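These are the residues of each chain, in order.
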Amino acid sequence: MQIGLDFERVESLVAGVDEVGRGPLCGPVITAAVILDPARPINGLNDSKKLSEKKRELLFAEIQEKALAWHIARAEVAEIDQLNILHATMLAMQRAVEGLAITPKLALIDGNRCPQLSVPCRAVVQGDSEEPAIAAASILAKVARDREMQHWDQMYPGYGMAQHKGYPTAAHLAALKALGATPIHRRSFAPVKRALGLA
């Protein structure tokens, strides 16, 4: 999606890219790409994990309003199980960058590995704490995924998805053992395999 396009500034701009959801036992991996507008700074950008839920929600709306371009993408559970979580994450990052209304000159990727992109890219370890555009992407991805997990909590009560967001907490593992796996559980992940009697 495109917000506040200004072609005169595009040449020097970069996209920040981040993901949320590599570790959970269920749900998609969500990625985002953001090109910030230097003329419209956003205060308080940081790694989404270091922000309160209320602050993330406020920044989510502000990023969408002020960024030159942003796009939220995903890889589904079936893709995670087919490709493995690393390759599914790389695919989702590709989709996030390709979905931008502006083609960036450079993509900064949180972590130590870059997906294959049609634009130059550079991996930045702990980039969500170092690069504002990556921090913005982490916030969009985190809020989008958390909202989705709240939806799945209503669809599949008893697992506590709204609380643990799919991560392998003790409560989630206990629910998985007692209730079995839902359609959104990742069959390729060991705790889910064990719950299904496949490991």
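Residues numbered from 1 in each chain as written. Predicted model: local features only at pLDDT ≥ 70, side-chain atom pairs only at ≥ 80, totals over all residues. Heavy atoms only, no water.

- In the annotation of an unreviewed UniProt entry, the entry for the chain reads Ribonuclease HII, and the organism field reads Thiopseudomonas alkaliphila.
- If you open the UniProt record of the chain and go to Sequence similarities (unreviewed entry), you find "Belongs to the RNase HII family."
- The annotation that UniProt attaches to the chain under Subcellular location (unreviewed entry) is "Cytoplasm". (UniProt positions renumbered as here; feature names shortened; annotations may be inferred.)

1. A short note on the UniProt feature "binding site: a divalent metal cation" (unreviewed entry) in the chain
No. 1: UniProt records the feature "binding site: a divalent metal cation" (unreviewed entry) for D18, E19 and D110 in the present numbering. Considering the C-alpha atoms alone, the annotated residues occupy 93 residues of sequence yet fold into one spot, their largest mutual distance being 7.9 Å.
No. 2: Within the fold, D18 resides in strand β1 (residues 14-20).
No. 3: By relative accessible area, which is 3% here, D18 ends up buried.
No. 4: Other than its neighbours up to four places away in sequence, D18 contacts I30, T31, A32, M93, D110, D128, I134, A137, S138 and A141.
No. 5: Structurally, the position occupied by D110 is in strand β4 (residues 106-110).
No. 6: What D110 contacts, discounting residues up to four positions off in sequence, is V17, D18, M93, V124, Q126, G127, D128 and I134. (Helix = DSSP H or I, 4+ residues; strand = E, 2+ residues; numbered from the N terminus. Buried < 20%, exposed > 50% of the residue type's maximum accessible area, 1.4 Å probe, protein only. Contact = heavy atoms within 4.5 Å.)

2. Notes on the side chain of S138
No. 1: Mapped onto the elements of the fold, S138 is located in helix α6 (residues 132-155).
No. 2: In this structure the side chain of S138 is engaged in a polar contact, spanning 3.2 Å, whose partner is the backbone nitrogen of S48.
No. 3: Here A135 takes part through its backbone oxygen, which lies 2.7 Å from a polar atom of the side chain of S138.
No. 4: For S138, the contacting residues outside a window of four places in its chain are D18, V20, N46, D47, S48 and D128. (Polar contact = N/O pair within 3.5 Å; in protein donor to acceptor, adjacent residues only side chain to side chain.)

3. Points about the packing of helix α2 (residues 53-66) against α6
No. 1: In the contact formed by α2 and α6, the axes pass within 9 Å of each other and the chain directions differ by 115 degrees. As for the relative orientation of α2 and α6, their crossing is left-handed in sense. Note on element contacts: α6 touches α2 through A136, I139, L140, K142, V143, A144, D146, R147 and Q150, opposite E53, R56, E57, L59, F60, I63 and Q64.
No. 2: Looking at the contact of α2 with α6, its residues break down into eight nonpolar, two polar and six charged. (Axes fitted to C-alpha atoms, helices over the stretch in contact; angles between N-to-C directions. Left-handed = near helix turned anticlockwise from the far one by under 90°. Nonpolar A, V, L, I, M, F, W, Y, C, P; charged D, E, K, R; others polar.)

4. Let's talk about the confidence of the model for the chain
No. 1: Across the chain, the average pLDDT comes to 93, with 93% of residues at or above 70.
No. 2: Low confidence marks residues 1-5, where pLDDT is under 50. Its contacts with residues over four positions away, or in another chain, come to 21 contacts. (pLDDT = per-residue confidence, 0-100.)

5. Structural notes on the packing of aromatic side chains
No. 1: For the structure on display, the rule yields one aromatic pair.
No. 2: When the ring of W152 is compared with that of Y156, the centres are 5.8 Å apart and the planes differ by 20 degrees; the resulting orientation is stacked. One exposure class covers both W152 and Y156, and it is buried.
No. 3: The ring of F60 carries R147 above its face, with NZ or CZ at 4.5 Å from the centroid. (Phe/Tyr/Trp six-rings, centres within 6.5 Å; stacked < 30°, edge-to-face > 60°. Lys NZ or Arg CZ within 6 Å of the ring centre and 35° of its normal.)

6. Brief notes about α2
No. 1: The end-to-end C-alpha distance of α2, which contains 14 residues, comes to 20 Å, matching closely the 20 Å that a straight helix rising 1.5 Å per residue would cover.
No. 2: Buried within α2 are the following residues: R56, L59, F60, I63 and Q64. Buried residues along α2 cover an arc of 130 degrees about the axis, so they all sit on one side. When the buried face of α2 is taken as reference, the exposed residues oriented beyond 90 degrees from it are K54 and L58. (Expected span 1.5 Å × (residues − 1). Arc of directions from axis to C-beta.)

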